[in-house]
Amino acid sequence: MTKRLIKNGQCLVNGHLAVQDILIEDGIITAIGQLSNPQPAVNKIIDAQGLFVSQGLVDVHVHFREPGQTAKETIKTGSLAAARGGYTTVAAMPNVIPTPDTPERIKALIAKNEQDAVVHVLQYATITTDRGGDELVDFEALKAAGAFAFSNDGNGVQTSGTMYKAMQAAAELNMAVVAHAEDDSLTYGGVMHEGDSSKRLGLPGIPSVSETAQVARDVVLAGATGAHYHVCHVSAKETVQVIRAAKQAGVHVTAEVSPHHLLLSDADITSDNAMLKMNPPLRSETDRQALIQGLLDGTIDMIATDHAPHTDAEKAQSMLKAPFGITGSETAFAMLYTKFVKTGQFSLAQLINWMSVAPADVFGIQTAGHLAVGAPADLAIFDLTTASEIKREDFLSKGHNSPFVGETVYGGTKLTLVDGEVAYRAK
Ligand SMILES: NC(=O)N[C@@H](CC(=O)O)C(=O)O
Ligand SMILES: [Zn+2]
Ligand SMILES: [Zn+2]
């Protein structure tokens, strides 16, 4: 039996930091508290003096590009990036090639995730065949094959009738429909938010209504079907209002926001720079403030990265040509800690709630989100007091497409344990 002891770490206890020791036996947390020293037969002692020891973070929105686009990312590199960010459980979106829209395909992908990943990977199935059109997948068979939830992320479901039937099927199975909300008839070939910055730069804009109109449709459908409807990467203030009203009306709707939509706005796009191109786009400062308010009042439940790696060559192009998406796994905690917790806007407990507890609880991920005796030893150890610079050469992701390179941050990850084993250790 392997016994590890994490000594003297700072843990959140009832929302406040307190010094605790954590005993791990065969990958399971077996004791938390002021443990007597020495513990009998401990194989390894980790000294966490002055460090923050947290339950592992949970990210319900990442893109690994395998199979199909392994120049951008693989299951291995994407999971290493997650571990470096302090994540121990992630959910992988299905926009890989071929896409997991059949039981055979998702089984093969789950087996590959299991084999290659250094963190726990949950796998989304698509809502429709080929992640487009109106032919629904076999929800029951995909659930039986191990699907985590259903999503066409990368694209919105364009037809109301298709979304309605998808929600009926998902509700029947007690599974979530996880939506990238985007009405293609309202995007006009845009590459950034339609607003002052797009006008100044002369770049085509994506109006907020392209997101909000579809979420408005979907909360009505969720209300009618009783389905759990989860909104990906909320970006617009009007969308926050629609979700708030739907929650008040008793609709089973939940929502995530990405770190970049909390940290940046279109005012940060001062030149044609594809490192700031993602979907949905960075919106106005008013939208950003509404997202922060949405988190604080519970309208938005959680933070998810939408880690979307692309190659250097692709992202070196103009915003007109480059693909949408930025990476996020390796920068999320440190950036959010530095910009929101250190500044006093969020408490550390709130941040851990949005980055671990809430995603696990909302999606019923039994094995994640809580630092507790009996739970798997999925832990992240962060250094909240030493400043470091985000450097592109340090990324374990194949993607370097991060607008946060060069930022000085606190909250770097020192060690990530998955089932008690080292998934990431800082050099
Ligand atoms: N967010 C993005 O800009 N891109 C994502 C797709 C998505 O999340 O919609 C990708 O797969 O690259
Ligand atoms: Zn999306
Ligand atoms: Zn995505």
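Counting of residues starts from 1 at the beginning of each chain's written sequence and follows it residue by residue. Naming scheme: in the order in which they are written, chains are lettered from A and ligands are numbered from 1. Residue-level local features of this predicted model are given only where pLDDT is at least 70; pairs of side-chain atoms are given and counted only at 80 or more, and the full residue set underlies all totals for whole chains, interfaces and linings.

In the nomenclature of an unreviewed UniProt entry, the protein is known as Dihydroorotase of Secundilactobacillus similis DSM 23365 = JCM 2765. UniProt positions are given in the numbering used here, feature names are shortened, and annotations may be inferred rather than shown by experiment. For the protein, the Function (unreviewed entry) comment in UniProt is given as "Catalyzes the reversible cyclization of carbamoyl aspartate to dihydroorotate." Heading Pathway (unreviewed entry) of the UniProt record for the protein holds this comment: "Pyrimidine metabolism; UMP biosynthesis via de novo pathway; (S)-dihydroorotate from bicarbonate: step 3/3."

A few words on the sheet that holds strand β15 (residues 302-303). Two modes of strand pairing occur in sheets, parallel and antiparallel, and in both the strands are linked by backbone hydrogen bonds. With respect to topology, 5 strands assemble into an open sheet ordered β9-β10-β13-β14-β15, the strand pairing being parallel. Looking at which strands have only one partner, the edges of the open sheet turn out to be β9 (150-151) and β15. When strand β10 (residues 176-179) meets strand β13 (residues 228-231), the two strands line up parallel, connected through 4 bridges. Looking at β13, one finds that V178 is bridged to H230. Contacts here follow a simple rule: the backbone-placed C-beta atoms of the two residues must lie within 7 Å. Axis lines are fitted to C-alpha atoms, over the contacting stretch for helices. Their N-to-C directions set the angle, which ranges from 0 to 180 degrees. We count a stretch as a helix when DSSP gives it H or I for four or more residues in a row; a strand needs E for two or more, and each element gets its number in order from the N terminus. Strand contacts of helix α6 (residues 209-225): β10, β13 and β14 (253-257), with the helix running at about 165 degrees to β13, the strand carrying the most contacts. Any two strands with at least two DSSP-identified bridges between them are counted as paired.

As recorded in UniProt, the sites labelled "active site" (unreviewed entry) are D306. One can find D306 in the loop between β15 and α10 (312-315). Leave out the neighbours within four places in its chain, and D306 touches H61, H233, S258 and G328.

Take the nonpolar core next. In plain words, the nonpolar core is the set of buried Ala, Val, Leu, Ile, Met, Phe, Trp, Tyr and Cys residues that C-beta atoms within 7 Å link up. Exposure criterion: with C-beta atoms placed from backbone coordinates, a residue whose C-beta has 20 or more other C-beta atoms within 10 Å is buried, one with 12 or fewer is exposed, and one in between is partly exposed. Formed by 128 residues in total, the largest nonpolar core has its most connected members in V119, Y124, F150, M167, A170, V177 and L351. For this core, the two domains that each supply at least three residues are domain 1 (3-52 + 376-425) and domain 2 (57-362). Those residues within four positions of V119 in sequence are excluded, and the remaining contacts are S79, A82, A83, Y87, T88, T89, V90, V418 and A423. Bear in mind that the domain bounds are from an automatic or database domain assignment.

Whether a residue is near a molecule or strand depends on its C-beta atom, placed from the backbone, lying within 6 Å of it. Around ligand 1, the surrounding shell consists of H63, N95, D153, G154, H180, M278, N279, D306, A308, F324 and G325. Note on residue categories: nonpolar means Ala, Val, Leu, Ile, Met, Phe, Trp, Tyr, Cys or Pro, charged means Asp, Glu, Lys or Arg, and polar means any other residue, Gly included. Broken down by class, the residue content of the shell around ligand 1 amounts to 3 nonpolar, 6 polar and 2 charged.

Moving on, we come to unusual backbone geometry. Of note, the amide linkage connecting I97 to P98 takes the cis form, showing an omega dihedral of 0 degrees. Unlike most non-glycine residues, D130 shows phi in positive territory, near 60 degrees. Examined against the element boundaries, D130 turns out to sit in the loop between β8 (120-123) and α3 (139-144). Residue class for D130 comes out partly exposed when judged on the 13 C-beta atoms lying within 10 Å of it. Here the phi dihedral of D306 falls at roughly 55 degrees; this positive angle occurs in a residue that is not glycine.

This part is about helix α11 (residues 332-341). Counting buried positions along α11 gives 8 out of 10 residues, so the element sits mostly inside the fold. Looking at α11, one finds that the buried residues are A332, F333, A334, M335, L336, Y337, F340 and V341. In this structure, the buried residues of α11 make contact with β6 (57-62), α8 (259-263), α12 (348-362), β16 (379-383), β18 (408-409) and β19 (412-418).

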